[in-house]
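In case you want the letters, here they are:
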Amino acid sequence: MRVRIAVIADTHNHLPPSLPPLLAEADEIWHLGDICTPEILRELRAIGPSLHAIRGNCDPRGLAPESLVLERAGHTFYLQHEPTTVVPTGARFALHGHTHVPRDETIAGVRHLNPGTVGKANHGAPPSFAWLEVSEGREPDWRIEPVPRGGG
C-alpha cells in the first residue's frame, strides 16, 4: 500500500490559491507549524484529505499539538516545528519547518526533512512544499516542489 502525503510548513496565515488543488491529490496533509490562525486549518480541512498539524513558534497555544509521532507503512515519523536532533525511539524520520529552507539530510541514522515554506522564502529558496510517498518495505520518497506562480 502506498500513502501519498503533502507536507507543508510556515503558511503564516497565507495559503496560496494555487496550492489547494495540488494538496487535494494527497491521501494526507501534514502541516509542520506556523499556521498562525484557525482559519488556515479550516481551509486545509476543507480540501478533503486527512490533516495532521503541529504548533509552531508563531501559533497560539491550543491550536495544534507541539509534536506528533506518526507511523505509515512501517515507517515512523516525528513531526516538530523547530529542527531537533532528539527524536523518539524508533523514529527514523524527523520532519520540521521553521527555517523556511528545504532540507533532506541524514544525521546519525535519522533523516531530517523540511519542505520549505509555502509563503515567505528564506535564503533565496523559493516557496515550496513536499510530496512524501511511503510504501511498505521501501525507503520513503521525498520530493520538494515549487509552489506554482499565481499562487498569491
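You'll find the structure just up there.
Residues numbered from 1 in each chain as written. Predicted model: local features only at pLDDT ≥ 70, side-chain atom pairs only at ≥ 80, totals over all residues. Heavy atoms only, no water.

Engineer: Explain the sheet that holds strand β5 (residues 75-80) residue by residue, including any values.
Structural biologist: Here we have 5 strands laid out as an open sheet, ordered β4-β5-β6-β8-β7, and mixed in their pairing. Across the chains shown, the open sheet's two edge strands, defined by having one partner strand only, are β4 (67-72) and β7 (103-107). Geometrically, the sheet is characterised by an average inter-axis angle of 20 degrees between neighbouring strands, direction not taken into account. Strand direction decides the pairing type here: β5 and strand β6 (residues 93-95), joined by 3 bridges, are parallel. Bridged to L79 within β6 is L95. (Pairing = 2+ DSSP bridges. Helix = DSSP H or I, 4+ residues; strand = E, 2+ residues; numbered from the N terminus. Axes fitted to C-alpha atoms, helices over the stretch in contact; angles between N-to-C directions.)

Engineer: Now, about the nonpolar core: what can you tell me, with residues and values included?
Structural biologist: Counting 20 residues, the largest nonpolar core has I8, L19, L23, L44 and F129 as its most contacted members. Of all the elements in the fold, those that place two or more residues in this core are β1 (2-8), α1 (19-23), α2 (38-47), β3 (50-53) and β9 (128-135). For this core, the element with the highest residue contribution is α2, accounting for 4 residues. If we skip the residues at most four places from it in the chain, L19 touches I8, V118, F129 and V147. Ranked by size, the runner-up nonpolar core spans 18 residues in total, among them L70, F93, A130 and L132. (Core = buried A, V, L, I, M, F, W, Y, C linked by side-chain atoms within 4.5 Å. Buried < 20%, exposed > 50% of the residue type's maximum accessible area, 1.4 Å probe, protein only. Contact = heavy atoms within 4.5 Å.)

Engineer: Report on the pairing of β3, specifying residues and quantitative values.
Structural biologist: Residues L51 and A53 line the buried face of β3, whereas the alternating positions S50 and H52 sit on a face that is not buried. Following the chain from strand β2 (residues 28-31) across α2 to the adjacent parallel β3, one finds a crossover that is right-handed. (Right-handed = clockwise from strand over helix to strand, strands pointing away.)

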